[in-house]
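Chain by chain, the residues:
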Amino acid sequence: MFPFRRALRESAVLFLRLGMPCARRGGIGMKRWIPHWWPALIYSIKNAIAALMALGISLLVGQDMPFWAITTVYIVANPVSAVTRSKAIYRAIGTVIGAAVAVALVPMLVEWPLMLSLALALWVGGCLAISLLDRSPRAYVLMLAGYTATIIGFPAVNRPEAIFDVATARVTEILLGIACATAVHSLILPQSLGERLGPRLEAWLSDAEAWLSDILTAKVDPPADDPTDDFERDRRRLAVDAVECVLLATHVPYDTSHWREANRTVQALLYRMLLLLPLLSGLADRRRSLRNDPALAPAMANARRWLAKGEPMNAQPDYLTGAPQGRTWSDLLRESFLVRLGQASTVLGESRQLLARLEDPRASLPPALDSQRVQLRLSNDPGLALMSGLSASVAILVVTAFWILAGWPDGAGAAVMTGVFCCLFAAMDNPVPMILAFGASITGAIPLAGLYLFGVLPQVDGFWALSFVLLPPMLGIGMFLIDPRRGMLATAFAMGFFTALALQQEYSADLERFINSNIGQVLAVFAAAGITAAMRGSATGGAIARMARRQHADLARLAAATTAPDPAQVLSRASDQLALITQRLGAGDERAVMGLSEVRIASNIAAVQQLRASAERPLRVACSRLLHTAARHFSQTVPGATPPPALLTQIDRALRLTLDAAPPRAGHAGELIGSDPATGRAELVALRRNLFPDAPDFLPPEALIGPTTGPTTGLAPEAVIP
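Predicted model, so just to flag it, every value in this text is computed and none were measured.

Basis of the calculations
- Residues numbered from 1 in each chain as written.
- Predicted model: local features only at pLDDT ≥ 70, side-chain atom pairs only at ≥ 80, totals over all residues.
- Heavy atoms only, no water.
- Helix = DSSP H or I, 4+ residues; strand = E, 2+ residues; numbered from the N terminus.
- Buried < 20%, exposed > 50% of the residue type's maximum accessible area, 1.4 Å probe, protein only.
- Contact = heavy atoms within 4.5 Å.
- Areas by Shrake-Rupley, 256 points an atom, 1.4 Å probe, with all protein chains shown as cover.
- Axes fitted to C-alpha atoms, helices over the stretch in contact; angles between N-to-C directions.
- Parallel < 35°, antiparallel > 145°, perpendicular 65-115°, else oblique.
- Left-handed = near helix turned anticlockwise from the far one by under 90°.
- Nonpolar A, V, L, I, M, F, W, Y, C, P; charged D, E, K, R; others polar.
- Phe/Tyr/Trp six-rings, centres within 6.5 Å; stacked < 30°, edge-to-face > 60°.
- Lys NZ or Arg CZ within 6 Å of the ring centre and 35° of its normal.
- Salt bridge = Lys/Arg side-chain N within 4 Å of Asp/Glu carboxyl O.
- Disulfide = S-S within 2.5 Å.
- pLDDT = per-residue confidence, 0-100.
- Patch = residues over 30% accessible without salt bridge, like charges linked within 9 Å, V, L, I, M, F, W, Y side chains within 5 Å.
- Expected span 1.5 Å × (residues − 1).
- Core = buried A, V, L, I, M, F, W, Y, C linked by side-chain atoms within 4.5 Å.

## With respect to the overall build of the protein
Then, number 1: Check the secondary structure of the protein and you find 26 helices and two strands.
Then, number 2: Residue burial in the protein is summarised as follows: out of 722 residues, 54% are buried.
Then, number 3: For the protein, restricting intrachain contacts to residue pairs at least 6 apart in sequence, the fraction spanning at least 24 positions comes to 78%.
Then, number 4: Total accessible area computed for the protein in this model is approximately 30900 Å², and 61% of it derives from carbon and sulfur atoms.

Following this line, the structure appears as structure tokens:
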């Protein structure tokens, strides 16, 4: 860090803490006081500096529309510097692509307004639909490319010969705003992504350890899967928190701290967080089925001591040492519990080591952790993407048709804002309320912009005087940007204020045009909201049903796969779908309970696929038949349907073929979905519990065929074949 940056940081921190009320910080008997609103004020000041810097440079170099640069600052800014940089990079790329499309389409189709409208509408809809299939920051490229083409293209239809100049000015202003926002948020009190992500990872792992502790210390039966139970509801919220960490971690490559070089470590830790969901959930299920089995007491006491000491992974006790061995269903449940306990403890220990490495890059890691590469994969909703793209295209076409038929001079603004509104909130199940709220915020900024445009700015002369009068609204708006609930509406207010103000090189105010252009924004709000509501409706219920069906279909594809899948991708996709369902329903809905069960089933099926890939022929054939039946069940039934009895028979047949294998031993997380028959036995027990929780106890071969009487009566003929 350069000396002037260090001095600036230390001076600012000292100034912020002197004499201010609030929280206690380190030091015996020493209090440092910081008010809760200081972070919002600092963030607001940084945005104001970036916006005024963009305005000054734009005026200095003679740009025609400097308000574009100011608006860009407020759109791309984020309290976390890495997020600002990632948004800036992708917005810049999307802007250039959108400008190029506008330059190509407008001169070619300007003589055919309907064709030009159709081309731009289809471009926006197609870009939006494709962008919604990718939930990483990369999606911003296509979304920006879509509506940037309309921002440049529609206003240029009256001056097609100037389209290149308009596009160049737009791209220049956008890049200027991006550069100013990135520079300010990177140099002035930058907030590392690690400062935001690190505490969240720490809190998540603490919650996971608390879950394990609750399982180990319960004196009575742990709560059943009651969707209204606080215990279960809090556990399902872990899926939401884990996926939020995964999404936040997509910005790690743009951080400037040591976290940037630790991206592989971050991904390995996130994988273990996702892995802990089915592990601890399955452990709780075995604990309920075994109740207070005295045979488990030594292992649980050992685990409690290990958990209390916080020892590293290599000091983990071997929970399977001295475990009772047998072939009855109770014996297999005990073994499954001990396997899950060993795996959960291993993953928690590794997670702590990885987190310590993130906090201190000099901390050492075992070779198995240091070299592991993990690729996580999030889910998407093709149905939602298609309907969102179609809604945006239809809304733009409706508004442009009205613009053309009515001969409205300022109708281009309405068409542009319609596309923007449809794109910004397309990922929501029901974007209509947010479109209306966003539009209301933009509309609410118009009176303030009018007051400034016709009352204040005529009295202003020079950049410094202009900066002085703009500073109060900039600071006021910026104070709300950091608020999770009101930040989006504050951004809308900023967009409405600076767009309506339309600062240029020379003062120019036209009341008629001011009214016409802002009427266009109001029309755009109602057009976008109305057409979206008509085509998509209140889609929360439909979205949940689609997610549940997609989760069910994923199980079918997973079971039908001919090669063993990547466990990290399986878990990340299944956990993400659970998180999306939980976010919409609340963690206390019974469908969220079913979603967590299907995450466990996905993990089990992936393990059976691994087992089949390396098993000898009898077990391989049994696993193939099991997976074929499971694939047919999940592909032909709705979520929640009872599996066929044949699937239970085939699970039991595969179980009997693993009974003579040695007890499994836990390895590192990369080996947890193992391929040996012993680990496969534990996974088959888990699959049986998850699919058939109320089925009769498993019977070993000796219980099926008596010494002289032959097969036990009442069983299907195929059930007696070991």
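Read on, since the account is not over.
## Examining the packing of helix α14 (residues 382–406) against helix α19 (residues 511–536)
Then, number 1: Relative to each other, α14 and α19 sit at 135 degrees, their axes nearing to 9 Å. In terms of their interaxial angle, α14 and α19 are classed as oblique. Remark: the crossing between α14 and α19 carries right-handed chirality. On α19, the residues that touch Leu384, Met387, Ser388, Leu390, Ser391, Val394, Ala395, Val398, Val399 and Phe402 of α14 are Leu523, Ala527, Ile531, Thr532, Met535 and Arg536.
Then, number 2: Looking at the contact of α14 with α19 residue by residue, the classes come out as twelve nonpolar, three polar and one charged.

## Some words on the packing of aromatic side chains
Then, number 1: In this structure the tally under the stated criterion is eleven aromatic pairs.
Then, number 2: Counting every residue linked through ring pairs, the aromatic cluster contains Tyr74, Tyr452, Phe497 and Phe498.
Then, number 3: For Arg170, the ring lying beneath its charged end belongs to Trp68, and the centroid distance is 4.9 Å.
Then, number 4: Sitting above the plane of the Trp329 ring, Arg688 keeps its charged end 4.6 Å from the centroid.

## Here's the deal with the pattern of salt bridges
Then, number 1: Counting across every chain of the model gives 15 salt bridges.
Then, number 2: Here Asp285 makes a salt bridge to Arg689, at a shortest N to O gap of 2.9 Å. Placement of Asp285 in helix α10 (residues 263–290) and of Arg689 in helix α25 (residues 677–691) is noted, with a sequence separation of 404 residues between them.
Then, number 3: Overall, Asp285 belongs to the buried group, its relative accessible area being 6%.

## Description of the state of the cysteines
Then, number 1: Scanning the model with the defined rule gives zero disulfides in all.
Then, number 2: Not part of a disulfide, Cys423 finds its nearest cysteine sulfur in Cys422, a span of 6.8 Å.
Then, number 3: For Cys423, a relative accessible area of 1% puts it in the buried group.

## Points about the confidence of the model for the protein
Then, number 1: Here the protein averages 79 in pLDDT, while 80% of its residues score no lower than 70.
Then, number 2: Across residues 1–32, confidence stays below pLDDT 50; counting only partners more than four residues off in sequence or on other chains, it has 37 contacts.
Then, number 3: Low pLDDT, under 50, characterises residues 219–228; the predicted model gives this stretch 25 contacts beyond four residues in sequence or across chains.

## Details of a nonpolar patch on the surface
Then, number 1: Residues Ile45, Ile49, Met53, Ile57, Leu60 and Val61 make up a contiguous nonpolar surface patch of about 520 Å² in total accessible area.
Then, number 2: Secondary-structure assignment places Val61 in helix α2 (residues 38–61).
Then, number 3: A relative accessible area of 54% places Val61 in the exposed class.

## Some remarks on α14
Then, number 1: Taking 1.5 Å per residue as the helical rise, α14 with its 25 residues ought to reach 36 Å, and the 36 Å between its terminal C-alpha atoms agrees with that figure.
Then, number 2: For α14, the complete set of buried residues consists of Leu384, Ala385, Ser388, Gly389, Ser391, Ala392, Ser393, Ala395, Ile396, Val399, Thr400 and Trp403.
Then, number 3: Backbone geometry just after α14 places Gly407 at a positive phi near 65 degrees.

## Regarding the environment of Ala574
Then, number 1: One can find Ala574 in helix α21 (residues 567–585).
Then, number 2: The exposure class assigned to Ala574 is buried, which follows from its relative accessible area of 7%.
Then, number 3: As a C-alpha pair, Ala574 and Val599 span 25 residues in sequence and 5.4 Å in three-dimensional space.

## Quick look at the nonpolar core
Then, number 1: Among the nonpolar cores identified, the biggest contains 158 residues, and Leu197 and Leu201 are the most heavily contacted of them.
Then, number 2: It is α10 that contributes the most residues to this core, 15 residues altogether.
Then, number 3: Ranked by size, the runner-up nonpolar core spans 41 residues in total, among them Tyr74, Met474, Phe498 and Leu503.

## Quick notes on the packing of helix α8 (residues 193–217) against helix α12 (residues 329–359)
Then, number 1: One can describe the packing of α8 onto α12 by two numbers: an axis separation of 11 Å at closest approach and a directional angle of 160 degrees. Between α8 and α12, the crossing angle belongs to the class labelled roughly antiparallel. Between α8 and α12 lies a crossing of left-handed hand. Residues Leu201, Glu202, Leu205, Ser206, Ala208, Glu209, Leu212 and Leu216 of α8 lie in contact with α12, whose contacting residues are Leu341, Ser345, Leu348, Ser351, Arg352, Leu355, Leu358 and Glu359.
Then, number 2: Here the residues of the contact of α8 with α12 are counted per class, giving nine nonpolar, three polar and four charged.

## Here's the deal with the environment of Val110
Then, number 1: Tracing the backbone shows Val110 in the loop between α4 (81–109) and α5 (113–131).
Then, number 2: Taking the C-alpha atoms as reference, Val110 lies 8.7 Å from Asn158; in sequence the two are 48 residues apart.

## Here's the deal with helix α18 (residues 487–501)
Then, number 1: With 15 residues, α18 extends 21 Å from end C-alpha to end C-alpha; this agrees with the ideal 21 Å at 1.5 Å per step.
Then, number 2: Judged by how many residues are buried, α18 sits mostly within the fold: eleven of 15 residues are covered.
Then, number 3: Residues Gly487, Ala490, Thr491, Ala492, Ala494, Met495, Gly496, Phe497, Phe498, Ala500 and Leu501 constitute the buried set of α18.
Then, number 4: At its buried positions, α18 is contacted by α3 (67–76), α16 (432–456), α17 (463–481) and α19.
Then, number 5: Once α18 finishes, Ala502 follows within two positions and takes phi at roughly 50 degrees, a positive value.

## As for unusual backbone geometry
Then, number 1: For Leu189, which is not glycine, the phi torsion reads 45 degrees and is therefore positive.
Then, number 2: With respect to the element layout, Leu189 can be found in the loop between α7 (163–187) and α8.
Then, number 3: For Ala502, which is not glycine, the phi dihedral falls at a positive 50 degrees.
Then, number 4: Here Ala502 is to be found in the loop between α18 and α19.
Then, number 5: With relative accessibility at 23%, the residue Ala502 sits in the partly exposed group.

## With respect to the environment of Met108
Then, number 1: Examined against the element boundaries, Met108 turns out to sit in helix α4.
Then, number 2: On the accessibility criterion, Met108 (51% relative accessible area) is exposed.
Then, number 3: The sequence separation of Met108 and Pro160 amounts to 52 residues, and the corresponding C-alpha distance is 9.4 Å.

## Looking at the side chain of Ser117
Then, number 1: Structurally, Ser117 is set in helix α5.
Then, number 2: The class for Ser117 is buried, based on a relative accessible area of 4%.
Then, number 3: Beyond its immediate chain neighbours, meaning those up to four positions away, Ser117 contacts Phe154, Leu397, Thr400 and Ile404.

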